[in-house]
Amino acid sequence: MKFTYINYGEDIVENLQERMDTIYVFSDYGLKNTYKKSLKKNIFKGVPTILTFDEFKEKVFKTDKIILREAKRFISFFNGVKKELYELLAMESYYDVIDFADSFFRYYKELNEAMIEDIKNPQPWQEKYINNFKYLKKKYDVYLERKNYILMDWIYKKENIDLDFIKPYKKIIFIDIMDFTPLEKEVIRRIQGNLEIEFLLQISREDYSEENLTIDSVTLPEKKNYIEVYEVSEDIEELLTLETLREKSGGGEVYTPDISRNRYHKILPKIYLESTSAVLNDTVLYKFLKTQYDLIASLESRLNYKLPLLELKIALDNLEFREVYSINNEDLKELYNLLDEDYTYLNENGSEKFQYIYGELLKINEFTKVDDFVRYFKEDLNLEKFYEKEYENLFEKFYEAVTLAKTSEYMLGEEEFKKCFSKGSDIYKLILQYMNNIEINRVKATYEEGEKKVIVRDMEGAKNRIGRNTYFVDISSKTLPGNLGKRSLFSENQRKENNLSTKDKNRELAKHKFFQGVFNSKNTYIIYRKNEGKGEDISPFLTEIMETYNIKVNKKIIKEEAILKNLQNIYMGIPVKLDYTDDTLPKTNGDFPNEQCRIGAYDYDTLENCEYRFYLNKISEIEPLVKEWNKNISMKFLGIYVHSVLEKVIDNTWKNIVFENNFYVDEEWIEKLLLDYFFYNRDKIPVHLDNYFKEILIPRFRDNILKLFKELERTYSDKKIRRFESEKVNWDNREPFVDDEIKFYITGRVDFILESLGENLILDFKTGKKQDKQLDFYSILLYGDENKATKGIYNVFNGELEYSEKVELTRESLKESIINFLKKDTYSLSEKKSSCMYCEYMNICRRDF
Ligand code: SF4
């Protein structure tokens, strides 16, 4: 075997001769095509045999069995060992099995590649897994044999090596293939007697083990090219830095270690094209179907398939989904209102459009066959509207995926299919699984004369940029080396001992690929990302280069504040002025309709903390831009729930208390009341919290309501009570609290008032945090003075009654702060920035953060 070593910076294919008796095997398509393009066309001579390594393997591993790919592998596994899976692992459904089957397939693929039957020295806990695998493999092999099937993953094994293909040749050259599995080495060993073998490698002789046919280490070469490094933190900053560099340095190709996350074509479609290969997942059709599936899968079976509103919101965040159902801003507003009102599920009050979407979901969930979907796609969905002119064979590939799902239906048989895929959502998932990552062709882009488009490419291809400019983007600790570890049962040491691929080896290979790209170009520009919030830091490979050659990070090209301006410059050629610094908001009497303003305790709290927020919230009534709804019960809803129940209890007891001093309340009646309100609010309570609500909250609220009445009885049973009331106060006829150019009224609803001879009690019922000045505010509101009532907070969660000892707000200070506010010409921002932390107006606030 001959080994030829090429230096970094030299062209690895330059000196390859063109011989018809030689098989040329390249590490990847890019390199293969570079060589192919360099060949002189000669129709008499023909073209030599040029293959990628994967193509070569397809030629030397042969099978006459039926090859199962993708989801068919899982179906066959489930079908073949269903009984055993249930007995051994209690797995019942097809979808239970998928993760397990994936590890099972990978385990035997690795054993085949390592040419071993068993793992040496497994730990006792691993033996259990391995024994399960062995048992299932034995049974599954019988099934595969009977059906004459073989899994795509398992074709590459010793028994399937067939060297017929190499017979007409004299020589084989492996170009840029840096590492071989034991099985691949076995192929080479068997070829050795028949063909002359050469390895062409771009690495230093000392870094490569000829004996083991793999990289030992990756050392840096003597630096001969020019390298510049830049640091950025965000996508747009990265793109603008790149554009500035390309402009300055005369263009060149752009490479990334993670092509899937690059979005330049979306930000600057005039300059950047999407990469040439596309998958079905990129299409509007897939995105719509996936969103629709997610919604069906979220239907709550425990509540007769109700639709969770948060899931509907997520679906409507998806542009494709909105367009198909013609969802407009009014519809979105309606959904947000329902969420604001704490609805968890769509009820009959939802608009016609929402009911229509919901109806479709229920209909699809009833489907029992793949054909039901085919009919739905053809007749109801009107696939034409998903046509995208940039793809050549979108519908062809889509129907290919649906046909594969049909084949699975056929493989399982009608009865078995029904058992595996009992609901429409299960079949939908299967169809999506077949669509996943299916490659489709993008129509070749046409260019205007003189127009230059850029495609960001996978880093693999950077090594072919001999003597030219190369730009690397998205370089960070997250992408380089990235996540190298495949999920595995075994430790790194066990992998080494058993000849399986190791993280260390994969790391060296990734490093070598990066170094080839960096050192093969004439001028290399590397833009790396550092963003603590996103967990991104400089890549260790880049650090090694910078430290070795003493390369410093270049000064930032783009200032953050100028990003928008630069982007528009590039896109439109129109400069924009960004130096808006005025953060004041003028206040006029026109802000107060009818020269009046009414504020409650919460409004006053807002006014005191931030007048600007008061303006946005109270005067302009602007809805916050970003609202956070979550899948749990909101504190607001719990507050309303508890207040409603307490209001009812107080309404039912006041007569007994005022006329008879009888504080008795029936425990069972309270519990029933709490349960009645629970069912009344059924659409607002997520079903996963039912038990928590019924078993924990309701008994707790019941006991604490009883405790409150006991406490009131203890203090007031010997006193004459004149008033025992809840939330029934109407303050519309009162005099203004401040009577100036603007009449300022204070208003509010007090949770509970008790008046006895010579004593007033104000209580606020709380389920959340208390507000300091609220009780004084109510005392001033009800009795004109902060000292005319005993005030307390009753926490219905923990049953604690806390009396307020200290006065936080006096009538005078309340008046003074309102007068001061009225005198001002502007709405000021909050004094401390810390108040802004949870402010829902942060995005539209004029404060410079
Ligand atoms: S972000 Fe701060 S300054 Fe701006 S409105 Fe909110 S609290 Fe006021």
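Residues numbered from 1 in each chain as written. Predicted model: local features only at pLDDT ≥ 70, side-chain atom pairs only at ≥ 80, totals over all residues. Heavy atoms only, no water.

- The protein chain has the name PD-(D/E)XK nuclease superfamily protein in an unreviewed UniProt entry, where Cetobacterium ceti is given as its organism.

1. Overview of the overall build of the protein chain
Then step 1. When helices and strands are counted, the protein chain shows 29 helices and 27 strands.
Then step 2. Relative to its length of 849 residues, the protein chain is extended, with a C-alpha radius of gyration of 36 Å against a globular reference of 29 Å.
Then step 3. Counting only C-alpha atoms, the protein chain reaches 115 × 65 × 55 Å along its principal axes.
Then step 4. Residues classed as buried in the protein chain amount to 49% of the 849 residues present. (Helix = DSSP H or I, 4+ residues; strand = E, 2+ residues; numbered from the N terminus. Rg over C-alpha atoms; globule rule 2.2 N^0.38 Å. Buried < 20%, exposed > 50% of the residue type's maximum accessible area, 1.4 Å probe, protein only.)

2. As for the side chain of Gln 202
Then step 1. Its location among the elements puts Gln 202 in the loop between strand S7 (196-201) and strand S8 (208-209).
Then step 2. A distance of 2.9 Å separates a polar atom in the side chain of Gln 202 from a polar atom in the side chain of Gln 516.
Then step 3. Setting aside residues no more than four positions away along its own chain, Gln 202 makes contact with Ile 6, Asn 7, Tyr 8, Gly 9, Glu 10, Ile 12, His 512, Gln 516 and Asn 520. (Polar contact = N/O pair within 3.5 Å; in protein donor to acceptor, adjacent residues only side chain to side chain. Contact = heavy atoms within 4.5 Å.)

3. Description of the environment of Ile 721
Then step 1. Note on placement: Ile 721 falls in strand S20 (residues 721-725).
Then step 2. Residue Ile 721 is classed as buried on the basis of its relative accessible area, which comes to 0%.
Then step 3. Residues Ile 721 and Lys 511, spaced 210 residues apart in sequence, show a C-alpha to C-alpha distance of 83 Å.
Then step 4. Ignoring anything within four residues of it in the chain, the contact list for Ile 721 reads Ile 657, Val 658, Asn 661, Phe 663, Tyr 716, Leu 754, Glu 755 and Ser 756.

4. Remarks on unusual backbone geometry
Working note: non-glycine residues mostly have negative phi, and peptide bonds are mostly trans.
Then step 1. For the bond running from Leu 480 to Pro 481, omega is 10°, close enough to zero to count as cis.
Then step 2. Assignment of secondary structure puts Pro 481 in the loop between strand S16 (469-475) and helix H19 (492-497).
Then step 3. Backbone geometry places Asn 148, a non-glycine residue, at a positive phi of 60°.
Then step 4. Mapping Asn 148 onto the fold places it in the loop between helix H6 (124-147) and strand S5 (149-151).
Then step 5. Asn 148 gets classed as partly exposed once you look at its relative accessible area, which sits at 33%.
Then step 6. Positive phi values are uncommon outside glycine, yet Asp 342 reaches one of about 70°.
Then step 7. Positionally, Asp 342 belongs in the loop between helix H13 (329-340) and helix H14 (352-365).
Then step 8. Residue Asp 342 is classed as buried on the basis of its relative accessible area of 11%.

5. Focus: the nonpolar core
Then step 1. By size, the foremost hydrophobic cluster in this structure holds 94 residues, and its most contacted members are Phe 77, Tyr 94, Tyr 140, Leu 289, Phe 377, Phe 421 and Leu 430.
Then step 2. Counting residues per element, this core draws most heavily on helix H5 (residues 94-114), at 12 residues.
Then step 3. The residue makeup of this core includes at least three contributed by each of domain 2 (66-89 + 99-158) and domain 4 (290-440).
Then step 4. In this structure, Tyr 140 is in contact with Arg 73, Ser 76, Phe 77, Val 81, Phe 104, Phe 105, Leu 151 and Trp 154, ignoring residues within four places of it in sequence.
Then step 5. Formed by 57 residues, the second largest nonpolar core is a distinct cluster that contains Tyr 8, Tyr 208, Phe 515 and Leu 542. (Core = buried A, V, L, I, M, F, W, Y, C linked by side-chain atoms within 4.5 Å. Domains from an automatic or database assignment.)

6. Overview of the site of the ligand
Then step 1. In the neighbourhood of the ligand, 10 residues make up the surrounding shell, with Cys 610, Tyr 612, Cys 836, Cys 839 and Cys 845 lying closest.
Then step 2. For the shell around the ligand, the per-class residue count stands at seven nonpolar, one polar and two charged. (Near = heavy atom within 4 Å. Nonpolar A, V, L, I, M, F, W, Y, C, P; charged D, E, K, R; others polar.)

7. Focus on the packing of helix H3 (residues 70-80) against H6
Then step 1. Close contact between H3 and H6 brings their axes to 9 Å; oriented N to C, the two are set at 105°. With respect to H6, the axis of H3 lies roughly perpendicular. Judged by residue contacts, Arg 73, Ser 76, Phe 77, Asn 79 and Gly 80 of H3 engage Leu 136, Tyr 140 and Tyr 143 from H6.
Then step 2. Residues of the contact of H3 with H6, tallied by class, amount to four nonpolar, three polar and one charged. (Axes fitted to C-alpha atoms, helices over the stretch in contact; angles between N-to-C directions. Parallel < 35°, antiparallel > 145°, perpendicular 65-115°, else oblique.)

8. Details of the pairing of S16
Then step 1. Within S16, seven of the seven residues are buried, leaving the element largely enclosed by the surrounding structure.
Then step 2. Taken together, the three bridges between strand S11 (residues 253-256) and S16 define a ladder with parallel strand orientation. Each bridged residue has a counterpart across the sheet, and for Val 254 the counterpart in S16 is Tyr 471.
Then step 3. Where S16 and strand S17 (residues 523-529) come together, five bridges link them in parallel fashion. Across the sheet, Ile 475 pairs through a bridge with Tyr 528, a residue of S17. (Pairing = 2+ DSSP bridges.)

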